[in-house]
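# Working through the structure, step by step
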Amino acid sequence: GKGFEGSWTAAEVLVLDGPRHAMVRFAEFVDEVGSRLVERLELERLRLVPPPHGAPWTPRVGERVEGLWNDCWWEGCVRELDALKGVLFEYDRYANWSWLPLRAVRPRPPLWSYYPERQPLSGEEEEGAAGGAGGA
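Below, the structure is looked at part by part. Here the structure is a predicted model, which means the values were calculated and not measured. (Residues numbered from 1 in each chain as written. Predicted model: local features only at pLDDT ≥ 70, side-chain atom pairs only at ≥ 80, totals over all residues. Heavy atoms only, no water.)

Of regular secondary structure, the chain possesses 1 helix and 9 strands. A burial count over the chain gives 36% of its 136 residues as buried. Within the chain, counting contacts between residues at least 6 apart in sequence, those at least 24 apart form 41% of the total. Carbon and sulfur atoms make up 55% of the accessible area of the chain, which totals about 8800 Å². (Helix = DSSP H or I, 4+ residues; strand = E, 2+ residues; numbered from the N terminus. Buried < 20%, exposed > 50% of the residue type's maximum accessible area, 1.4 Å probe, protein only. Contact = heavy atoms within 4.5 Å. Areas by Shrake-Rupley, 256 points an atom, 1.4 Å probe, with all protein chains shown as cover.)

One pass over the full model with this rule turns up 11 salt bridges. Salt-bridge contacts for Arg 40 lead to Asp 17; the nearest nitrogen and oxygen are separated by 2.7 Å. On the criterion of sequence distance, the pair formed by Arg 40 in strand 4 (residues 36–42) and Asp 17 in the loop between strand 2 (11–16) and strand 3 (21–30) is long-range, its members being 23 residues apart. Take Asp 17: its relative accessible area is 31%, and that puts it in the partly exposed class. Note that Glu 66 is salt-bridged to Arg 47, the shortest N-O span being 3.0 Å. Of this pair, Glu 66 sits in strand 5 (residues 64–69) while Arg 47 sits in the loop between strand 4 and strand 5, and the two are 19 residues apart along the sequence. (Salt bridge = Lys/Arg side-chain N within 4 Å of Asp/Glu carboxyl O.)

Quick look at the sheet that holds strand 3 now. One open sheet accounts for 3 strands, arranged 2-3-4; its pairing is antiparallel. Two strands close off the open sheet at either side, each with one partner strand: strand 2 and strand 4. In this sheet, adjacent strand axes meet at a mean angle of 30° when their direction is disregarded. (Pairing = 2+ DSSP bridges. Axes fitted to C-alpha atoms, helices over the stretch in contact; angles between N-to-C directions.)

Another point: the nonpolar core. Formed by 17 residues in total, the largest nonpolar core has its most connected members in Val 65, Phe 89 and Val 105. In terms of residue count, the dominant contributor to this core is strand 3 (4 residues). Once residues lying within four places of it in the same chain are set aside, the contact partners of Val 65 are Trp 57, Trp 74, Glu 75, Gly 76, Cys 77, Val 78, Phe 89, Val 105, Arg 106, Pro 107 and Arg 108. (Core = buried A, V, L, I, M, F, W, Y, C linked by side-chain atoms within 4.5 Å.)

Have a look at this one:
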């Protein structure tokens, strides 16, 4: 929904709704009465859960990652590392930075590793070709 562009959260697909949409039930989001929120989404907004990263992992400055904040994994990159503060996370789609603990940051695997049939968006082709930590 609005305000959550560039983020990912757990949901289950309930039913396909035509050729380009699905009805999903979110795992963490609830409505006014506490029921899990159900929403109609475009298929392009759905992806498989990324594979777990190998441990141990330490992010690098400039690495494209996902940061966990407000029950969503947000696309961004590492701007700074600090032994006490954690990771200075810069959001991809917003002019905003946040300090996140290391446990709330994960690498972004290449797009093809969890969404093999999706066509790359503008700018994503270079990430997958480089084999780096691109894609969300």
